[in-house]
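Single-letter residue listing:
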Amino acid sequence: MSRENPDPPRISDFQITDVGKSKLLFFFMGLINSAGKVFLVNAASDIARLTGKKSYMAAVSGALVGLSCLIKIFNARYIVRFKHRTRILGAVFFFIMGILIILLALSILNFWLALAGCLVVGIGTSLSDTTLQGFMKVFDPRIVVGWSMGTGLAGLFCSTYFNILTSLGVNLYISLSTLFPLYLIYYIGFEVLMKERRSQILLNGFTLEDAERREIRDVLTNKQLNMETLPVFWRKMSYYVLNNLVVYFVVYSMISYQADIMKEKFNDGFVFRMIINLYQLGAFIGRASINYFSIQKLYFQTFIVMGFYLLWTALALFCQDFSVYFLYGLIVIIGLTCGSSYGSIIVGIMRDKNITKQEKEACVNLNSAASDLGVLCCSATGILIEKVLY
């Protein structure tokens, strides 16, 4: 009696396993994805000063995430079943329109129009961020390291790039204009990522038609966020969401309005730029560390970050006599801790067996919305504190 042939592998079960190349592509996409947002965070003080609204500097960070939280909820509810390419095209459109609006605002010295431009850039960043994180579900979870390192290096790269342009005397209008070519490269990079995805499917014995069906299936089977599924998502995601919200509130408080207060204490704008650069350096190393290990007990890291926040707040608001070098060392350690926390949260979601593949896109939207809520809370707190101080 002959043995029956085993069932052939199904395209629905296929997962891309060429980790090295995929990790590199996600690193590249993460690097550019956060470029505009990080650049504008660095330029926040200059935007507020040039348009005569210095005390509203913290509002720039708030504008970058002003609608992001709603966009991510909207994405989880409706857009999550649109093709990934369509969503990336939409993100690139928002990126370009946002920068154009900010350039117009600087030319007429209108701070509120500049905030509107930051809002549009923030929408593009939110849409692209959650789209690419959701796209990761068909890849080996180890590619999260590439994405995490890319977004981490974006902070360091863009901060350094902005400081170099500033030191060379390049005005803010020209500096912002250099972002346009990056967004064209960004879309090309996504097409290369799509090509890599298809080629991996073909190498595993499937046809081009199978690959196209897989692309459609990936989005049409995504679970959407609604009143019925919300309790399920919350039960699975509350642990990640609460940790992410706290960490982002703490981080943006320290590198935005509190860093600006530190600058005034030392009467040196270089201190503000160094704080941001050194934080980004620490965050990059922390995000890269998940290539070797990720922390399972996220709340442990969150408590450490909160302790650093209390110390940093005390230094910013109440202490006068301390070394700037102590400040620099402290912010690097803070960056290491926060960067590691960011990477561990995403890896945790991707590896969590309680979260099905069909739920992952909505889950990363909820997690990302929590980070935006943390930044919004930071922005509101910063405006209140700076109004009192100035």
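Note that the coordinates shown come from a computational prediction; the quantities given were computed from them, not determined experimentally. Here the residue numbers are simple positions, counted from 1 along each chain's written sequence. Per-residue local features of the predicted model are confined to residues with pLDDT of at least 70, and side-chain atom pairs are confined, for both listing and counting, to 80 or more; whole-chain, interface and lining totals are unaffected and use all residues. The side-chain quantities take in all heavy atoms of the structure and omit both hydrogens and water.

**Description of the overall build of the protein**
Rule in force here: Under the DSSP-based scheme used, a helix requires at least four consecutive residues in state H or I and a strand at least two consecutive residues in state E, with every element numbered from the N terminus. Per-residue accessibility, obtained with a 1.4 Å probe over protein chains only, is compared with the maximum for each type, and a residue is labelled buried under 20%, exposed over 50%, and partly exposed between these values. Any two residues whose heavy atoms approach within 4.5 Å at even a single point are treated as in contact. Method for areas: the Shrake-Rupley scheme with a 1.4 Å probe, in which residue coverage is limited to the protein chains shown.
A count of helical and extended segments in the protein gives 16 helices and zero strands. Expressed as a percentage of the 390 residues in the protein, the buried residues total 57%. Residue pairs at least 24 apart in sequence account for 85% of intrachain contacts in the protein once pairs closer than 6 positions are excluded. Summed over all atoms, the accessible surface of the protein reaches about 16,900 Å², with 67% contributed by carbon and sulfur.

**Observations concerning the packing of helix α14 (residues 298–317) against helix α15 (residues 324–351)**
Our working definition: Here an angle of 0 to 180 degrees is reported between the N-to-C directions of two axes, which are lines fitted to C-alpha atoms, with helices fitted over the stretch in contact. Angular relationships are summarised with four words: roughly parallel below 35 degrees, roughly antiparallel beyond 145, roughly perpendicular across 65 to 115, and oblique for the angles in between. Definitions for this section: a left-handed crossing has its near helix turned counterclockwise from the far helix by less than a right angle. A right-handed crossing has that turn clockwise. Residues are grouped as follows: Ala, Val, Leu, Ile, Met, Phe, Trp, Tyr, Cys and Pro are nonpolar; Asp, Glu, Lys and Arg are charged; all remaining types, including Gly, are polar.
Their axes nearest at 10 Å, the elements α14 and α15 cross at an angle of 155 degrees. Regarding the angle of α14 to α15, the classification is roughly antiparallel. Here α14 runs over α15; the crossing is left-handed. Here Leu 298, Gln 301, Ile 304, Val 305, Phe 308, Leu 311, Trp 312 and Leu 315 of α14 lie close against α15, whose contacting residues are Phe 326, Leu 327, Leu 330, Ile 331, Ile 333, Ile 334, Thr 337, Cys 338, Ser 340, Ser 341, Ser 344 and Ile 345. Residues that form the contact of α14 with α15 fall into these classes: 15 nonpolar, five polar and no charged.

**A short note on empty space enclosed by the protein**
For clarity, the cut-off: Here the term cavity refers to a set of points on a 1 Å grid, laid over the protein atoms alone, in which a 1.4 Å probe fits but cannot get out; the term pocket refers to an open set having protein on both sides within 12 Å along at least five of seven lines, with lining residues being those that place an atom within 4 Å of a point. Grid points are joined across faces, edges and corners, and a volume is the space filled by probe spheres set on the points.
The final tally for this structure, using the stated rule, is three cavities of 30 Å³ or more. Computed from the structure, the largest cavity encloses a volume of approximately 540 Å³. In terms of lining, the largest cavity is formed by 38 residues, of which the most central are Lys 37, Tyr 248, Tyr 252, Arg 287 and Tyr 342. If you list the elements that add at least two residues to the lining of the largest cavity, you get α2 (35–50), α4 (68–77), α6 (111–135), α7 (144–167), α11 (230–255), α13 (269–288), α15 and α16 (360–389). Looking at which element gives the most residues to the lining of the largest cavity, the answer is α11, with six residues. Of the residues in the lining of the largest cavity, the class split is 17 nonpolar, 16 polar and five charged.

**Considerations on a nonpolar patch on the surface**
Which entries qualify depends on this criterion: Distance thresholds for patches are 9 Å for like charges and 5 Å for nonpolar side chains (Val, Leu, Ile, Met, Phe, Trp, Tyr), applied to residues having over 30% relative accessible area and no salt bridge. Any carboxyl oxygen of Asp or Glu within 4 Å of a side-chain nitrogen of Lys or Arg constitutes a salt bridge here.
On the surface, a nonpolar cluster with roughly 610 Å² of combined accessible area is contributed by Tyr 239, Tyr 299, Phe 300, Phe 303, Ile 304 and Met 306. Locating Met 306 in the fold gives a position in helix α14.

**Remarks on the confidence of the model for the protein**
Formally: Predictor confidence is given residue by residue as pLDDT, running from a minimum of 0 to a maximum of 100.
Here the protein averages 80 in pLDDT, while 87% of its residues score no lower than 70. The secondary-structure element of the protein with the lowest mean pLDDT is helix α10 (residues 208–220), recorded at 67, while helix α5 (residues 84–108) shows the highest, at 91. Here residues 1–14 scores under 50 on pLDDT; set against residues more than four positions off or in separate chains, the count is 14 contacts.

**Notes on unusual backbone geometry**
Glycine aside, residues mostly have negative phi, and peptide bonds are mostly found in the trans state. Even without being a glycine, Leu 109 presents a positive backbone phi close to 55 degrees. Mapped onto the fold, Leu 109 is located in the loop between α5 and α6.

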